[in-house]
Amino acid sequence: MKIFVSTGEVSGDLHLSYLVKEAKSLDESARFYGVAGKHCKEVGVEIIQDIDELAIMGFTEAIKKYNFLKNKAKEYIGFIKRENIKKVIMVDYGGFNLKFLEMLKSEIKDIEVFYYIPPKLWIWGEKRIEKLKLADHIMVIFPWEVEFYKKHGLEVVYYGNPFTERYKNVKHKGNKILLLPGSRKQEIKSLIPDILEVVKRNPNQKYLLKLSSNDHLKWIDENLESYSNLEVNCIISLKEAVEESRLAIAASGTVTLELALLGMPTIVIYKTNFFNYFIAKYILKVGFVSLPNLTLNEEVFPELLQKKCNPDEIEKNMINILENLNFVQEKIQKIREKLSGNEITKQYAEFLLKGK
């Protein structure tokens, strides 16, 4: 059985790798090809396009790369035809995958498409659901999505969130403040100045700055060695970093859910260009941006966005969380309970292999 995969971001690549690994353990004949990254490569996906070459952030960036991505979609469809592939699984990355889905279905009528972790249409605009309806199967990983899609006449598959199987609560934590400024140049450059100001203001507090690559150090203009209370680590795993910490300050993204499942109280920070923020906050009417808060529909983790993302607000929220740790931990446990299930990844893999 040949299956084509299409994702475009690190979080999607990670989720897809879990699914591929499980599917291959259930069916040794399953072969996976497509657009993915290092996590999928590690579990045996034959990469025809590395996601590092597709990195896009926000609306303006997507517009700039429109023609490039459209041509890529044509290349992938050609590959699928040549290899006589009958199944395609798309993961998130709606800016590309929804157009790819539309083109794919117009070119190959009998192709079976699974959309795993569809784009957050409950945030980014419900009109795009018409494109999503072209998929044969929609597999979601958040419980509120079931009702959302049902309201629009779509039955979806939900077994739970796979991260609950991989991230267990870390009970013994250290005293450092964990700093996670994101993995993209735009994120790191916009967030690091405020983060380092907090480090500077609190010389008796130890901080751990975790970057996902040594290459990201070149995006930081400040001399990090001048901060005696700051440790920089590009190798440590997230779990290990949490074991050394009591609180995290993290860029908005999938990592905030990972932190919640590891039991780590977190302050969510984010800055983006005005155009992207205006669309996200006003036109699209986002209530919360972080997955832990969306899960419970309340602000468990403080969200400091745009002007609120400043050293004063960060410090104020650090104090507030540390003074109310038991309350925050109770809320964090509820996040896990809401997203849990039974043999979650295995059930999604079985569904993928079985298909129609």
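Residues numbered from 1 in each chain as written. Predicted model: local features only at pLDDT ≥ 70, side-chain atom pairs only at ≥ 80, totals over all residues. Heavy atoms only, no water.

Regarding its fold elements, the protein chain presents 17 helices and 13 strands. In terms of C-alpha radius of gyration, the protein chain reaches 21 Å, essentially the compact-globule figure of 21 Å for 356 residues. If one aligns the C-alpha atoms of the protein chain with their principal axes, the spans along those axes are about 65 × 40 × 40 Å. Across the 356 residues that make up the protein chain, the buried fraction comes to 53%. In the protein chain, of all internal contacts separated by at least 6 residues, the share reaching a separation of at least 24 is 70%. Total accessible area on the protein chain is roughly 16,800 Å²; 50% of this is exposed by carbon and sulfur atoms. Within the protein chain, the 48 negative side-chain charges are centred at a point lying 3 Å from the centre of the 53 positive side-chain charges. (Helix = DSSP H or I, 4+ residues; strand = E, 2+ residues; numbered from the N terminus. Rg over C-alpha atoms; globule rule 2.2 N^0.38 Å. Buried < 20%, exposed > 50% of the residue type's maximum accessible area, 1.4 Å probe, protein only. Contact = heavy atoms within 4.5 Å. Areas by Shrake-Rupley, 256 points an atom, 1.4 Å probe, with all protein chains shown as cover. Lys, Arg positive; Asp, Glu negative; His and termini not counted. Charge placed at Lys NZ, Arg CZ, Asp CG, Glu CD.)

What follows concerns the sheet that holds strand S11 (residues 245-251). Here six strands make up an open sheet; going across it, the order is S10-S9-S8-S11-S12-S13 and the pairing parallel. Each edge of the open sheet is held by one strand with a lone partner, namely strand S10 (230-233) and strand S13 (303-305). Each adjacent strand pair in this sheet contributes to an overall mean axis angle of 20°, direction not counted. When S11 meets strand S12 (residues 266-270), the two strands line up parallel, connected through four bridges. (Pairing = 2+ DSSP bridges. Axes fitted to C-alpha atoms, helices over the stretch in contact; angles between N-to-C directions.)

With that settled, the discussion passes to the packing of helix H12 (residues 254-261) against helix H16 (residues 325-339). When two helices pack together, you describe them by how their axes are tilted relative to each other and by the distance separating the axes. Orientation of H12 relative to H16, taken along the N-to-C sense of each, is 105°, at an axis distance of 8 Å. Between H12 and H16, the crossing angle belongs to the class labelled roughly perpendicular. Only Ile332, Ile335, Arg336 and Leu339 of H16 make contact with H12, whose side of the interface consists of Leu257, Ala260 and Leu261. Looking at the contact of H12 with H16 residue by residue, the class counts come to six nonpolar, no polar and one charged. (Parallel < 35°, antiparallel > 145°, perpendicular 65-115°, else oblique. Nonpolar A, V, L, I, M, F, W, Y, C, P; charged D, E, K, R; others polar.)

Let's shift gears to the pattern of salt bridges. Scanning the model with the defined rule gives 20 salt bridges in all. Linking lysine 105 and aspartate 136 is a salt bridge whose minimum nitrogen-to-oxygen distance equals 2.8 Å. Residue lysine 105 is found in helix H5 (residues 94-107), and its partner aspartate 136 is found in the loop between helix H7 (129-132) and strand S6 (137-140); the two are separated by 31 residues along the sequence. Between lysine 189 and aspartate 221 there is a salt bridge whose closest N-O contact spans 3.8 Å. Taken together, the positions of lysine 189 in helix H10 (residues 185-201) and aspartate 221 in the loop between strand S9 (207-210) and S10 put the pair 32 residues apart, joining distant regions of the chain. Judged by its relative accessible area of 38%, lysine 189 is partly exposed. (Salt bridge = Lys/Arg side-chain N within 4 Å of Asp/Glu carboxyl O.)

Sheet architecture is open: seven strands sit in the order S3-S2-S1-S4-S5-S6-S7, paired in parallel fashion. Either end of the sheet is taken by a strand with one partner, and the two such strands are strand S3 (46-50) and strand S7 (157-158). Note: strand S5 (residues 112-116) against S6, three bridges, orientation parallel. For phenylalanine 114, the partnering residue across the bridge sits in S6 and is histidine 137. Contacts from H5 reach strand S1 (2-6), strand S4 (87-91) and S5, with the element oriented near 165° to S5.

Taken as a whole, this structure holds 15 aromatic pairs when the rule is applied. When the ring of phenylalanine 96 is compared with that of phenylalanine 100, the centres are 5.4 Å apart and the planes differ by 25°; the resulting orientation is stacked. Placement of the pair is phenylalanine 96 and phenylalanine 100 together in helix H5, with a separation of four residues, close to one helical turn. Owing to a relative accessible area of 0%, phenylalanine 100 belongs among the buried residues under this scheme. (Phe/Tyr/Trp six-rings, centres within 6.5 Å; stacked < 30°, edge-to-face > 60°.)

Let's shift gears to unusual backbone geometry. The phi angle at isoleucine 117 is positive, at roughly 60°, despite the residue not being glycine. Summarising the element assignment, isoleucine 117 is placed in the loop between S5 and helix H6 (121-124). By relative accessible area, isoleucine 117 is classed as buried at 9%. Of note in the backbone geometry, glutamine 306 takes a positive phi value of approximately 55° without being a glycine. Along the chain, glutamine 306 falls in the loop between S13 and helix H15 (311-323).

A few words on the side chain of lysine 331. Within the secondary structure, lysine 331 sits in helix H16. In this view, lysine 331 contacts Leu296, Glu298 and Val300; residues no more than four positions away in its chain are not counted.

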